[in-house]
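Here's the letter readout for the chains.
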Amino acid sequence: MITPNPSLQVLNGKINLPKKELILEIELNGKMKFEQLMNTIYNQLGICHKVLSANVEYVNGRSFGSVQLYINVSSEDYDALEMYLNKNKLLSTTVEYICRKYL
């Protein structure tokens, strides 16, 4: 007999997969505006983020530079974000964020 794991939550028939905390660095190369990128990540992909640092310069309405985001995502959401960044030819690197808790 199989019993459900009480620590997993089921919403609308979907199992919530564990999320990872990541720091994502995106290189802006003028192909997309910074505001458009942030809007897409939050509104279309549904990924909440915090901007850790942004070094963005605007030249003729184009965004150049880099931005570091703190995100907490499931692997499915991250795959969708990575596909979006690759489709728009934006270079990105990720680092897993691990916070130590002291008792």
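This one's a predicted model, so the numbers in the text were calculated from it and none came from an experiment. Counting restarts for each chain, with residues numbered from 1 along the sequence as it is written. Two thresholds apply to this predicted model, a pLDDT of at least 70 for residue-level local features and 80 or more for giving and counting side-chain atom pairs, whereas whole-chain, interface and lining totals are computed over all residues. In computing side-chain values, all of the structure's heavy atoms are included and hydrogens and water are not.

Visitor: Quick question: what am I supposed to make of the overall build of the chain here?
Guide: Helix and strand assignments come from DSSP, with helices taken as H or I runs of at least 4 residues and strands as E runs of at least 2, each series counted from the N terminus. Counting its regular elements, the chain contains two helices and six strands. The secondary structure elements of the chain, listed N-terminal to C-terminal, are β-β-β-α-β-β-α-β. When each of the 103 residues of the chain is scored for burial, the buried share is 24%. Any two residues having at least one pair of non-hydrogen atoms within 4.5 Å are treated as being in contact. Within the chain, residue pairs in contact and separated by at least 24 positions form 67% of the contacts whose partners lie at least 6 positions apart. Within the structure as shown, the chain displays about 7,900 Å² of accessible surface, and the carbon and sulfur contribution to it stands at 53%. The classification of residues rests on relative accessible area computed with a 1.4 Å probe and restricted to protein chains. Under 20% of the type maximum is buried, over 50% is exposed, and intermediate values are partly exposed. The Shrake-Rupley method, run with a 1.4 Å probe, gives the accessible areas here. Residue values count only the displayed protein chains as cover.

Visitor: Teacher, can you tell me more about unusual backbone geometry here?
Guide: Outside of glycine, negative phi angles account for most residues, and trans bonds account for most peptide bonds. Phi at Asn60 takes a positive value of approximately 50 degrees, unusual for a residue other than glycine. Looking at where Asn60 falls in the secondary structure, it is placed in the loop between β4 (49-59) and β5 (62-73). Since its relative accessible area comes to 76%, Asn60 is described here as exposed. A positive phi angle, close to 55 degrees, is found at Lys89, a residue other than glycine. Residue placement: Lys89 occurs in the loop between α2 (75-87) and β6 (92-96). Given a relative accessible area of 55%, Lys89 falls into the exposed group.

Visitor: Help me out: how do you make sense of the pairing of β4 in this one?
Guide: On a regular strand, one side chain projects to one face of the sheet and the next to the other, so that they alternate. Note on pairing: DSSP must find at least two bridges between two strands before they are called paired. Where β4 meets β5, ten bridges bridge the pair, whose relative direction is antiparallel. Pairing of Ser53 across the sheet is with Gln68, part of β5. Counting the residues that bridge the hairpin from β4 to β5 gives two residues, and of these Asn60 lies at a positive phi of roughly 50 degrees.

Visitor: Explain the side chain of Ser66 here, please?
Guide: Its place among the elements puts Ser66 in strand β5. Ignoring any residue separated from it by four or fewer positions in sequence, one finds Ser66 in contact with Glu25, Ile26, Glu27, Leu28, Ser53, Ala54, Asn55 and Val56.

Visitor: I'm lost on helix α1 (residues 34-44) in this one. Help?
Guide: Along an α-helix, residues three or four positions apart point the same way, because every turn accommodates 3.6 residues. Those residues of α1 that sit buried are Phe34, Leu37, Met38, Thr40 and Ile41. Along the long axis of α1, the arc covered by the buried residues comes to 160 degrees, so they all point the same way. In α1, the exposed positions that point more than 90 degrees away from the buried face belong to Asn43 and Gln44. Of the surrounding secondary structure, the elements contacted by the buried residues of α1 are β3 (20-29), β4, β5 and α2. Of the residues trailing α1, Gly46 is marked for its positive phi of about 70 degrees. The arc in question is the one traced by the directions running from the helix axis out to the C-beta atoms.

Visitor: I tried to follow the sheet that holds β5 on my own but got confused; where do I start?
Guide: Strands belonging to one sheet form pairs held by backbone hydrogen bonds; the direction of such a pair is parallel or antiparallel. One open sheet accounts for four strands, arranged β4-β5-β3-β6; its pairing is antiparallel. Only two strands of the sheet have a single neighbouring strand rather than two, namely β4 and β6. For this sheet the average axis-to-axis angle between neighbouring strands, irrespective of direction, equals 10 degrees. In this structure, β3 lies alongside β5, joined through ten bridges in antiparallel fashion. All axes are obtained by fitting lines to C-alpha atoms, using only the stretch in contact for helices, and the reported angles, taken between N-to-C directions, cover 0 to 180 degrees.

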